[in-house]
Amino acid sequence: YLNIEIEFEGDKYKDKNKDEKELAIKIYEIFKNYYKESLLKSEPALNYLKKRNIDEKIIDFFEIGYADQDQKTFIEYIIKKYNVDLSFLYKYSLVSSLNFVKPFFEKRIIIPIKNIWNDTVAFSGRILTEENLPKYINSKETPIFQKQNLLFNINNIKNLKDEDNLFLVEGYFDVITGYANGISFLVAPMGTSLTLNQIKILSRKTDRIYLLFDNDSAGFNAFLRSITLFIQSDA
């Protein structure tokens, strides 16, 4: 009557881009599996995870992978199999050039980012060595991935009991290493500052939210910003 559109959590793809979104998620799933298989073939990547006390169980839980340097044949297969072009893969941060096949993620640990329905909608790539490169690179925002509307590991935060605590940490590996040390119910923003939308998502899960940030100036400033947002949100 008032022409107000209501979005339900279960209303997965309600807009005109449904076919594109479903295709993107299908291709992300295939890339995720490719990265997982590549990890098993990369001794440096496995050693890196081992040094961080991330064992096979945690690798499987988060479906961690590795982006190798030999993706060209695989990407060409995807283009042919699913009748997509480079512009589509570029839009979804799977290649980094519109003119030739160049993988977006190379020589990086790959962390799949999932939505509340457990669909892979983006990736984050962590460099293995301390080269003169960004430590992390992340998928660009797309029709299926908006940073402000998602938290890493939110897909695993279900059935919280009254006595359970939900912990908000700074980064992807903070969540992963927390699980590796027996701490569950951890989430993190998408490599950016916390947003009001993310606080709303958290407040639907529980009112017992604890902030665990790094013990440095950046962590302290992030803590202050987050506290301010929680107050503003009245969550």
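Residues numbered from 1 in each chain as written. Predicted model: local features only at pLDDT ≥ 70, side-chain atom pairs only at ≥ 80, totals over all residues. Heavy atoms only, no water.

Details of the overall build of the protein chain
Right, so step 1: In terms of regular secondary structure, the protein chain is built from eight helices and seven strands.
Right, so step 2: Here the C-alpha atoms of the protein chain give a radius of gyration of 19 Å, agreeing with the 18 Å that 2.2 N^0.38 yields for 235 residues.
Right, so step 3: If one aligns the C-alpha atoms of the protein chain with their principal axes, the spans along those axes are about 55 × 50 × 30 Å.
Right, so step 4: When the 235 residues of the protein chain are sorted by exposure, 44% land in the buried category.
Right, so step 5: For the protein chain, the proportion of contacts with a sequence separation of at least 24, taken over those separated by at least 6, is 64%.
Right, so step 6: Entry remark: accessible area of the protein chain is about 13500 Å², with carbon and sulfur atoms responsible for 48%. (Helix = DSSP H or I, 4+ residues; strand = E, 2+ residues; numbered from the N terminus. Rg over C-alpha atoms; globule rule 2.2 N^0.38 Å. Buried < 20%, exposed > 50% of the residue type's maximum accessible area, 1.4 Å probe, protein only. Contact = heavy atoms within 4.5 Å. Areas by Shrake-Rupley, 256 points an atom, 1.4 Å probe, with all protein chains shown as cover.)

Here we look at the environment of Ile227
Right, so step 1: Following the sequence through the fold, Ile227 ends up in helix H8 (residues 217–233).
Right, so step 2: The partly exposed category is assigned to Ile227, whose relative accessible area is 32%.
Right, so step 3: Residues Ile227 and Glu56, 171 residues apart in the sequence, show an inter-C-alpha distance of 35 Å.

A closer look at the layout of surface pockets
Gaps left between atoms show up when a probe the size of a water molecule is rolled over them.
Right, so step 1: Volume-wise, the second largest pocket comes out at about 440 Å³.
Right, so step 2: Taken together, 23 residues form the lining of the second largest pocket, with Glu170, Gly171, Asp174, Gly191 and Thr192 sitting closest to its centre.
Right, so step 3: Among the secondary structure elements, those contributing two or more residues to the lining of the second largest pocket are strand E4 (136–138), helix H6 (172–180) and H8.
Right, so step 4: With five residues, H8 is the largest single contributor of residues to the lining of the second largest pocket.
Right, so step 5: Residues belonging to the lining of the second largest pocket are distributed by class as follows: 10 nonpolar, seven polar and six charged. (1 Å grid on protein atoms, 1.4 Å probe; cavity = no way out; pocket = protein on both sides within 12 Å on 5 of 7 lines; lining within 4 Å. Points joined across faces, edges and corners; volume = space filled by probe spheres on them. Nonpolar A, V, L, I, M, F, W, Y, C, P; charged D, E, K, R; others polar.)

Brief notes about the packing of aromatic side chains
Right, so step 1: Within the structure shown, the criterion is met by 18 aromatic pairs.
Right, so step 2: The interplanar angle of 75 degrees and the centroid separation of 4.8 Å between the aromatic rings of Phe31 and Phe74 together place this pair among those described as edge-to-face. Note that Phe31 is positioned in helix H1 (residues 18–40) and Phe74 in helix H4 (residues 72–81), a separation of 43 residues in sequence. Neither Phe31 nor Phe74 differs from the other in exposure class; each is buried.
Right, so step 3: Taken together, the ring pairs in this structure connect Tyr28, Phe31, Tyr34, Tyr35, Phe74, Phe88, Tyr92, Phe104, Phe105 and Phe123 into an aromatic cluster.
Right, so step 4: For Arg52, the ring lying beneath its charged end belongs to Phe173, and the centroid distance is 4.4 Å.
Right, so step 5: The ring of Tyr136 carries the charged tip of Arg126 above its face, separated from the ring centre by 5.9 Å. (Phe/Tyr/Trp six-rings, centres within 6.5 Å; stacked < 30°, edge-to-face > 60°. Lys NZ or Arg CZ within 6 Å of the ring centre and 35° of its normal.)

Things to note about the packing of helix H7 (residues 196–205) against H8
Right, so step 1: Remark: H7 packs on H8, axes separated minimally by 10 Å, with the N-to-C direction vectors making an angle of 70 degrees. By the angle class used here, H7 and H8 are roughly perpendicular. Of the two elements, H7 crosses H8, and the hand of that crossing is right-handed. Taken together, the residues of H8 that come into contact with H7 (itself represented by Leu196, Ile199 and Leu202) are Leu229, Phe230, Gln232 and Ser233. (Axes fitted to C-alpha atoms, helices over the stretch in contact; angles between N-to-C directions. Parallel < 35°, antiparallel > 145°, perpendicular 65-115°, else oblique. Left-handed = near helix turned anticlockwise from the far one by under 90°.)

Read these as layout, nothing more, since geometry by itself doesn't imply function.
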